[in-house]
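The chain contents come next:
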Amino acid sequence: RMASHDLRNPLNNLMGYLELVALTFRKEGATPAQEEYLDHIRQSAYMMKTLIDDLLTLERIESQREGDWQSFDLCGLVSEVVDGARAAAALKDQSLELDCPMDTGPVFGSQTQLRQAISNLVDNAIKYTPEGGTVAVCLELHADRFDFRVSDSGYGISPQRQARIFERFYRVDKSRSKDTGGTGLGLSIVKHIAGYHKAKVEIESTVGKGTKIIVSFPKPA
């Protein structure tokens, strides 16, 4: 946690000065090679920032107490997250579907943590689904639980790699994660948050056909 905080300020300074350099180049003219070099630096800095943010998110999850939890509308939270992700899906010409009945009732937990977990799952589905694909988000109410499900028509994950997908820093496809900005912490964060809420996480995936991740939350007593 201390290292992550100490790294954040100099990295923010680096990113700020990088944009000033880029602005100067745009005014004075830059060669294609110079533009390419700046882009590589920008991508690397963004990856570092994402990694630091994910590490701090893990630290916050592990330090938050249940005394801060409250009852809230899970369907409303899911709808907000999906609406916020529609622009990213539209950029890839994807269909982002939502099935969320409004009468599911309240859940008890950390709204901040669950927003993070839901966002991670929806963002992952969009990132790892090709252009023109489909991402479906669903919230189902059962007698004893809520099932939050994100399905995609993406690349899929082999059975061997499914066993490790929730490990910290594990990336299914390192080359593809480099292109999409993955740090290997997103699903680990989801697993941590689910564990704190006594929820169960399951994955169903077929290579070349897509992935489905289900998070089952127990209903409040």
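Everything numeric in this text was worked out from a predicted model, so none of it was measured.

Asks: Could you clarify how one ought to interpret the sheet that holds strand E2 (residues 95-99) in this entry?
Replies: Sheets are built from strands paired through backbone hydrogen bonds, the pairs being either parallel or antiparallel. The 5 strands are arranged E2-E4-E5-E7-E6 in an open sheet whose pairing can be described as mixed. At either end of the open sheet lies a strand with only one pairing partner, and these are E2 and strand E6 (200-206). With strand direction ignored, the average angle separating the axes of adjacent strands in the sheet is 10°. Judged from the 8 bridges that link them, strand E5 (residues 145-152) and strand E7 (residues 210-218) form a sheet pairing that is antiparallel. Residue pairing across strands places Asp 147 opposite Ser 216, the latter belonging to E7.

Asks: Hey, could you run me through empty space enclosed by the protein in this one?
Replies: Remark: the empty space left among the atoms is shown by a probe the size of a water molecule rolled over them. By the definition in use, this model includes 1 cavity of 30 Å³ or more. In this structure, the largest cavity occupies an estimated 50 Å³ of space. Forming the boundary of the largest cavity are Leu 114, Ala 117, Ile 118, Leu 121, Phe 148, Val 190, Ile 193, Ala 194, Val 215 and Phe 217. Listed by contribution, the elements that provide at least two residues to the lining of the largest cavity are helix H4 (111-127), helix H7 (186-196) and E7. Ranked by residue count, the leading element in the lining of the largest cavity is H4, at 4 residues. Here the residues of the lining of the largest cavity sort into 10 nonpolar, no polar and no charged.

Asks: Whenever I open this one, the pairing of strand E3 (residues 106-109) confuses me. Can you help?
Replies: Two faces, one strand: in a regular strand the side chains alternate between the faces of the sheet. Side chains Val 107 and Gly 109 project from E3 onto a buried face, and the interleaved Pro 106 and Phe 108 project onto a face without burial. Where strand E1 (residues 70-73) meets E3, 4 bridges bridge the pair, whose relative direction is antiparallel. When the sheet's bridge partners are listed, Ser 71 is paired in E3 with Phe 108.

Definitions and limits used
Residues numbered from 1 in each chain as written. Predicted model: local features only at pLDDT ≥ 70, side-chain atom pairs only at ≥ 80, totals over all residues. Heavy atoms only, no water. Pairing = 2+ DSSP bridges. Helix = DSSP H or I, 4+ residues; strand = E, 2+ residues; numbered from the N terminus. Axes fitted to C-alpha atoms, helices over the stretch in contact; angles between N-to-C directions. 1 Å grid on protein atoms, 1.4 Å probe; cavity = no way out; pocket = protein on both sides within 12 Å on 5 of 7 lines; lining within 4 Å. Points joined across faces, edges and corners; volume = space filled by probe spheres on them. Nonpolar A, V, L, I, M, F, W, Y, C, P; charged D, E, K, R; others polar. Buried < 20%, exposed > 50% of the residue type's maximum accessible area, 1.4 Å probe, protein only.

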